[in-house]
Amino acid sequence: MHPPRELSMPAAPAPWQRAAAGANLLGPAGQLGVTIFEEMTTLAAQTGAINLGQGFPDEDGPAEIKAAAMAAIGAGANQYAPGKGIPELREAVAVHQSRFYDVTLDPQTEVIVTTGATEAIAAALLAFVGPGDEVLTFEPFYDSYGAVIGLSGATHTTAPLLAPDFYPDMAALEAAFTDRTRVVLLNNPHNPTGAVFPRHVLERVVELARKHDCLIITDEVYEHLTFGTRHIPVATLPGAADRTLTISSAGKTFSFTGWKIGWLTGPEHLVAAVRTVKQFLTYSSGSPFQAAIATGLALPDGFYQGISATLQKKRDILSEGLRAAGFDVFTPQGTYFVNVDTAPLGIADSVDLARRLPALVGVAAIPVPVFCHPEGAERTRSLLRFAFCKKVDVLEEAAARLASLSGKL
């Protein structure tokens, strides 16, 4: 028998370790943890709690889009789509951008279809950043950003978003840019805070990106889910178009998150660079679903107005229950999410409360500190995020359960 060999660990973190660390999944001793979404979903299942943690709807989107997918399957659209997406969807994306934002795109060279916005984000970052570069995001940040930035080897820098409106401190934003900033990754409307950034904030981001000669990658998946305020695509601002890649997807707009159909648009040379990376990730995405989403993008204005109005009513139902529970509620201007401060209940640790909440009142949520680096986690340590993209009766039940919280602490 051979004696057991000692396994030597590499001096530098492996790519998977960089990705895990970027998403806050590595413990202090290097142990790999599970995502907060998996942890909260498991707790919800164990306790029978209503899961308001992960942001996915509990009902399907428009019947005509489902019918279009089934028709495409029946018609034989079941093999690989072109790597950059079927022509019908690329054309539909271009028409959508012109219709809503007066942006003119060439669907042949300035639009690609991706496996959800997540792949578009990954392909764009991996195309342009590496060791020695910095990627700047707002904080709190969607955990996928941290993971891919870590995987790329770049350094993740942040600018804080501050309650109650979760707009950036402009001096801190300016200070966060450096000569090594290669990409500013902007999420608007913003997950997890629900902020919709006003024009002056977006214009300042563009000014700073031009000053430091960096790219702007903008994640706009909640573009149609705003409440009383209009979404402004960064690419429409003066001086932005030639350095901006815009990302969106069908999942949030149409409530088909499991189809994973997204898209990326921008200048031809930037899109070509992203496509070079994307084609070696998934190569292509679900052919029949692409055809169906082309149908969805052509739905009338009334559909888009309706989904926003419906979601706003759901926001208000849940927010009422959260206020009754004693939380300080930060009313979001967009997205699926409402954030609360647990401090009025005498609770300073939202991570601990999130782990107890399913058993206490039968509702699961996500603590905001998990979307931050250590300094940001301390700043947001009493904040919780709840998703309101659920059926009305589910939200009414959740609101009733939450209203009983103060008596159970």
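Residues numbered from 1 in each chain as written. Predicted model: local features only at pLDDT ≥ 70, side-chain atom pairs only at ≥ 80, totals over all residues. Heavy atoms only, no water.

**Describing the packing of helix H1 (residues 15-22) against helix H6 (residues 143-152)**
Note the cut-off: With axes taken as lines fitted to C-alpha atoms, and helix axes fitted only over the stretch in contact, angles between N-to-C directions fall between 0 and 180 degrees. Strands are runs of DSSP state E lasting at least two residues, helices are runs of H or I lasting at least four, and both sets are numbered from the N terminus onward. Angles below 35 degrees are treated as roughly parallel, those above 145 as roughly antiparallel, those between 65 and 115 as roughly perpendicular, and all remaining angles as oblique. Rotating anticlockwise by less than a right angle from the far helix to the near helix defines a left-handed crossing, while the corresponding clockwise rotation defines a right-handed one. Throughout, a contact is declared for two residues whenever any of their heavy atoms are within 4.5 Å.
Orientation of H1 relative to H6, taken along the N-to-C sense of each, is 150°, at an axis distance of 6 Å. Of the possible angle classes, the one that applies to H1 and H6 is roughly antiparallel. Handedness of the crossing formed by H1 with H6: right-handed. On the side of H1, the interface is formed by Pro15, Arg18, Ala19 and Gly22, while H6 contributes Gly146, Ala147, Gly150 and Leu151.

**Thoughts on the packing of aromatic side chains**
We apply this condition: The aromatic pairing rule takes the rings of Phe, Tyr and Trp, using the six-membered ring of Trp, and pairs them if the centres are within 6.5 Å, calling planes under 30 degrees apart stacked, those over 60 edge-to-face and the rest tilted. For each residue, the accessible area found with a 1.4 Å probe, counting protein chains only, is set against the maximum for its type, and the residue is called buried under 20%, exposed over 50%, and partly exposed in between.
One pass over the full model with this rule turns up 18 aromatic pairs. When the ring of Phe166 is compared with that of Phe330, the centres are 5.4 Å apart and the planes differ by 90°; the resulting orientation is edge-to-face. Here the residue Phe166 occupies a position in the loop between strand E4 (155-162) and strand E5 (167-168), and Phe330 occupies one in strand E10 (residues 328-330), the gap between them amounting to 164 residues. Across this residue pair, the class does not change: Phe166 and Phe330 are buried.

**What to know about the side chain of Thr335**
As for its placement among the helices and strands, Thr335 is situated in the loop between E10 and strand E11 (337-341). Under the relative-accessibility criterion, Thr335 is labelled buried at 0%. Setting aside chain neighbours within four positions, we find Thr335 in contact with Pro189, His190, Asn191, Gly194, Tyr222, Leu225, Phe227, Leu311 and Phe388.

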